[in-house]
Amino acid sequence: MTPALDPALRAALRCALALLWLVSAHHKLRDPARFRDALAGYRLIPAPAVHVFAAGIAALELGLGLALLLPAAGPAPALATAALLALYALAIATNLVRGRRAIDCGCGARPQPLGEGLVARNAVLVGVALAAALPAAGRALTWLDLATIGGGAAALAALYAAADAALANGVRSRALRARA
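Treat the numbers as computed from the prediction; the structure is a model and nothing was measured. (Residues numbered from 1 in each chain as written. Predicted model: local features only at pLDDT ≥ 70, side-chain atom pairs only at ≥ 80, totals over all residues. Heavy atoms only, no water.)

A. Just the pattern of salt bridges, in detail. By the definition in use, this model includes six salt bridges. In this structure, D164 and R121 form a salt bridge, with 2.7 Å as the shortest nitrogen-oxygen distance. Taken together, the positions of D164 in helix α6 (residues 143-179) and R121 in helix α5 (residues 116-132) put the pair 43 residues apart, joining distant regions of the chain. Residue classification places D164 among the buried positions, given a relative accessible area of 17%. Judged by its relative accessible area of 10%, R121 is buried. Residue R139 pairs with D145 through a salt bridge whose shortest N-O separation is 2.8 Å. A relative accessible area of 35% means that R139 is categorised as partly exposed. The structure contains a network of salt bridges with shared partners spanning D6, R139 and D145. (Salt bridge = Lys/Arg side-chain N within 4 Å of Asp/Glu carboxyl O. Helix = DSSP H or I, 4+ residues; strand = E, 2+ residues; numbered from the N terminus. Buried < 20%, exposed > 50% of the residue type's maximum accessible area, 1.4 Å probe, protein only.)

The following block contains the structure:
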């Protein structure tokens, strides 16, 4: 028997993941040259195709962000989110194994070098996305659930932002220590 989530929790997870994708797509669309450079830095895509892949990734993230907000979309956007995040983790891990840490992850507003923390972060997000793909328990949402969904999504977004800042600061502090 497949476990079911409380519908308010499921909606909060989906809203938080939607916000993640919409913000991520915004960064890529606002500065497409920077994202293309970051994507090329991974050296996983043939150089002539980087331009097309960069545009496709931004469009995919935007589409997933919007689809996660539609309950009628079912589990597909959450499952696609898990797959894309796992692919991102694999791309990062591949470059870490190659010893290529100094490239920009391409995942935010500021350049951030690759590190194991980014792989772990994406692994946690894969788990969140898989949880968001579970069916909702059979109860109707109430007006109070809307506050729970909004507050839960905001809390998850704040947790993500704090973890992302901690990862970026950890990389910067290690670099400063190495120079000293």
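Next comes the rest of the description.
B. Helix α4 (residues 76-97), seen in detail. Between the first and last C-alpha of α4 there are 31 Å, a value that for 22 residues agrees with the 32 Å anticipated at 1.5 Å per step. Considered for burial, the residues of α4 that qualify are P77, A78, T81, A82, L84, L85, A89, A91, I92, N95 and L96. Buried-residue contacts for α4 involve α1 (7-30), α2 (32-41), α3 (50-68) and α5. Within two residues after α4, G99 carries a phi angle of roughly 80 degrees, on the positive side. (Expected span 1.5 Å × (residues − 1). Contact = heavy atoms within 4.5 Å.)

C. View of the packing of α1 against α3. For the pair α1 and α3, the least separation of the axes is 8 Å and the interaxial angle reads 155 degrees. Here α1 is positioned roughly antiparallel relative to α3, judged by the angle of their axes. Our pair here, α1 against α3, has a crossing hand that is left-handed. Touching R14, L17, A18, W21, L22, S24, A25, K28 and L29 of α1 are I57, A58, E61, L62, L64, G65, L66, A67 and L68, all from α3. Here the contact of α1 with α3 is built from residues that sort into 13 nonpolar, two polar and three charged. (Axes fitted to C-alpha atoms, helices over the stretch in contact; angles between N-to-C directions. Parallel < 35°, antiparallel > 145°, perpendicular 65-115°, else oblique. Left-handed = near helix turned anticlockwise from the far one by under 90°. Nonpolar A, V, L, I, M, F, W, Y, C, P; charged D, E, K, R; others polar.)

D. Structural view of α3. The end-to-end C-alpha distance of α3, which contains 19 residues, comes to 26 Å, matching closely the 27 Å that a straight helix rising 1.5 Å per residue would cover. Every buried residue belonging to α3 is among V50, A54, I57, A58, E61, L64, G65 and L68, and all of these are buried. The buried side chains of α3 occupy one side of the element, clustering within an arc of 130 degrees when seen end-on. In α3, the exposed positions that point more than 90 degrees away from the buried face belong to H51 and V52. (Arc of directions from axis to C-beta.)

E. Quick look at the packing of aromatic side chains. Under the definition given, this model contains one aromatic pair. Both rings, one in W21 and one in Y88, keep their centres 6.1 Å apart while their planes meet at 80 degrees; by these two values the pair is edge-to-face. Of this pair, W21 sits in helix α1 while Y88 sits in helix α4, placing them 67 residues apart in sequence. The cationic tip of K28 hangs over the ring face of F35; the distance from NZ or CZ to the ring centre is 4.8 Å. (Phe/Tyr/Trp six-rings, centres within 6.5 Å; stacked < 30°, edge-to-face > 60°. Lys NZ or Arg CZ within 6 Å of the ring centre and 35° of its normal.)

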